[in-house]
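Residue-level structural notes
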Amino acid sequence: MSSTPQVTIKMSDPSEVARILDWDSHFFGKTIGRVNIDKLTPALATEIDHWAKINHADCVYFLAGSNDPTSSRIAEDFGYHLTDIRATLCHHANTAAEQFSKPSNIREAKDTDIAALRMIAHDAHQDTRFYFDGHFDLLKCAELYEIWIEKSVRGSSAVVLVWEESERPVGYGTANTLPEGGGSIGLVGVDSSFRGRHIGHQLIQQLLEWFANKQVDPVYVVTQGRNVKAQSLYQRCGFTTHSVELWYHKWYG
């Protein structure tokens, strides 16, 4: 229900208008960059094209503010394609009015859960920009989230909770604290055959309890503008919209 994995990015000269994304490039087998700025002018867009040429970039990501029509128009004029609306929602965990008892079905994930969790992740995040770009192999898009949940269980997330049915995990939620303060919910996914049973809602409530117990506040989650169900779910859990941004991709060649 959320997107954009946290990856280690090797930055080139910070004065450059863009940087190569090593993880994305290696994973997709294409040279992928990201624009370092969130506003465009024709001169900057031309400079990005020059950077892409000398770095042999196949694709460049650009994240713009949704309240910046000038940058959006310039992005469109220069061949960028809108792939996603990035919605960031916020919750103040320590001010939650209700306290929720932990359902017996919820526990922390174990390494032995990884195979089952990867199967859930394979088709749980198909609203993300990678699927809607049109240039990425769909099996690689699914594998991206399989890798993300596996890395989360192996320690890249501070906590991974699973919902268990008949001794088998059928849903998961991941969470991390942020270096600048506060926390974030990373992935929430439920097996397709168990959706509609409020499993995601209860996993999110328990993640909020985890943050509250650690006095981590506020808590953020990122989802897609097209994913109305996810937004509604987070809103029912007490989240409100914090910011809205626009993901553009430009492909060369």
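In this report, the structure presented in the accompanying data block is examined.

Reading the values: the criteria
Residues numbered from 1 in each chain as written. Predicted model: local features only at pLDDT ≥ 70, side-chain atom pairs only at ≥ 80, totals over all residues. Heavy atoms only, no water. Disulfide = S-S within 2.5 Å. Buried < 20%, exposed > 50% of the residue type's maximum accessible area, 1.4 Å probe, protein only. Helix = DSSP H or I, 4+ residues; strand = E, 2+ residues; numbered from the N terminus. Pairing = 2+ DSSP bridges. Core = buried A, V, L, I, M, F, W, Y, C linked by side-chain atoms within 4.5 Å. Axes fitted to C-alpha atoms, helices over the stretch in contact; angles between N-to-C directions. Parallel < 35°, antiparallel > 145°, perpendicular 65-115°, else oblique. Left-handed = near helix turned anticlockwise from the far one by under 90°. Contact = heavy atoms within 4.5 Å. Nonpolar A, V, L, I, M, F, W, Y, C, P; charged D, E, K, R; others polar. Salt bridge = Lys/Arg side-chain N within 4 Å of Asp/Glu carboxyl O.

In total, this model carries 0 disulfides according to the counting rule given. Lacking any disulfide linkage, Cys 141 is separated from the closest cysteine sulfur, that of Cys 59, by 12 Å. There is no disulfide at Cys 237, and the cysteine sulfur nearest it, in Cys 90, is 14 Å away. Judged by its relative accessible area of 5%, Cys 237 is buried.

Our focus in this paragraph is the pairing of strand 7 (residues 168–177). Within strand 7, 7 of the 10 residues are buried, which leaves the element mostly enclosed by the surrounding structure. Pairing of strand 6 (residues 159–165) with strand 7 involves 7 bridges; the strand directions are antiparallel. Each residue of the ladder has a partner; that of Val 160, found in strand 7, is Thr 174. Linkage of strand 6 to strand 7, two consecutive antiparallel strands, is achieved through a turn of 2 residues, within which Ser 166 is found at a positive phi near 50 degrees. Here strand 7 folds back onto strand 8 (residues 183–190) in antiparallel fashion, the turn holding 5 residues, of which Gly 181 has a positive phi close to 105 degrees.

Core analysis: the largest hydrophobic core is formed by 29 residues, its most contacted members being Tyr 61, Phe 130, Phe 136, Tyr 145 and Tyr 172. Counting only elements with at least two residues in this core, the list comes to helix 1 (22–28), strand 3 (59–65), helix 4 (114–121), helix 5 (129–133), helix 6 (138–156), strand 6 and strand 10 (240–251). The element best represented in this core is helix 6, accounting for 8 residues.

Before going further, it helps to examine the packing of helix 7 (residues 199–213) against helix 8 (residues 228–236). Close contact between helix 7 and helix 8 brings their axes to 10 Å; oriented N to C, the two are set at 45 degrees. Overall, the two elements helix 7 and helix 8 adopt an arrangement that is oblique. Considering how the two elements wind past one another, helix 7 and helix 8 form a crossing that is right-handed. In contact with Gly 200, His 201 and Ile 204 of helix 7, helix 8 contributes Leu 233, Tyr 234 and Arg 236. Grouping the amino acids of the contact of helix 7 with helix 8 by side-chain chemistry returns 3 nonpolar, 2 polar and 1 charged.

Under the counting rule described, the total for this entry stands at 13 salt bridges. The network of salt bridges with shared partners includes Asp 111, Arg 118, Glu 146, Glu 150 and Arg 154.

This part takes up the sheet that holds strand 6. With respect to topology, 10 strands assemble into an open sheet ordered 1-2-3-10-4-9-8-7-6-5, the strand pairing being mixed. Looking at which strands have only one partner, the edges of the open sheet turn out to be strand 1 (18–20) and strand 5 (106–108). On average, adjacent strands in this sheet sit at an angle of 25 degrees to one another, irrespective of strand direction. Both strand 8 and strand 9 (residues 219–224) contribute to a ladder of 3 bridges, which runs parallel. Directly across from Gly 183, in strand 9, lies its bridge partner Val 219. Across the face of the sheet, helix 4 comes into contact with strand 6, strand 7 and strand 8 while running at roughly 85 degrees to strand 7.

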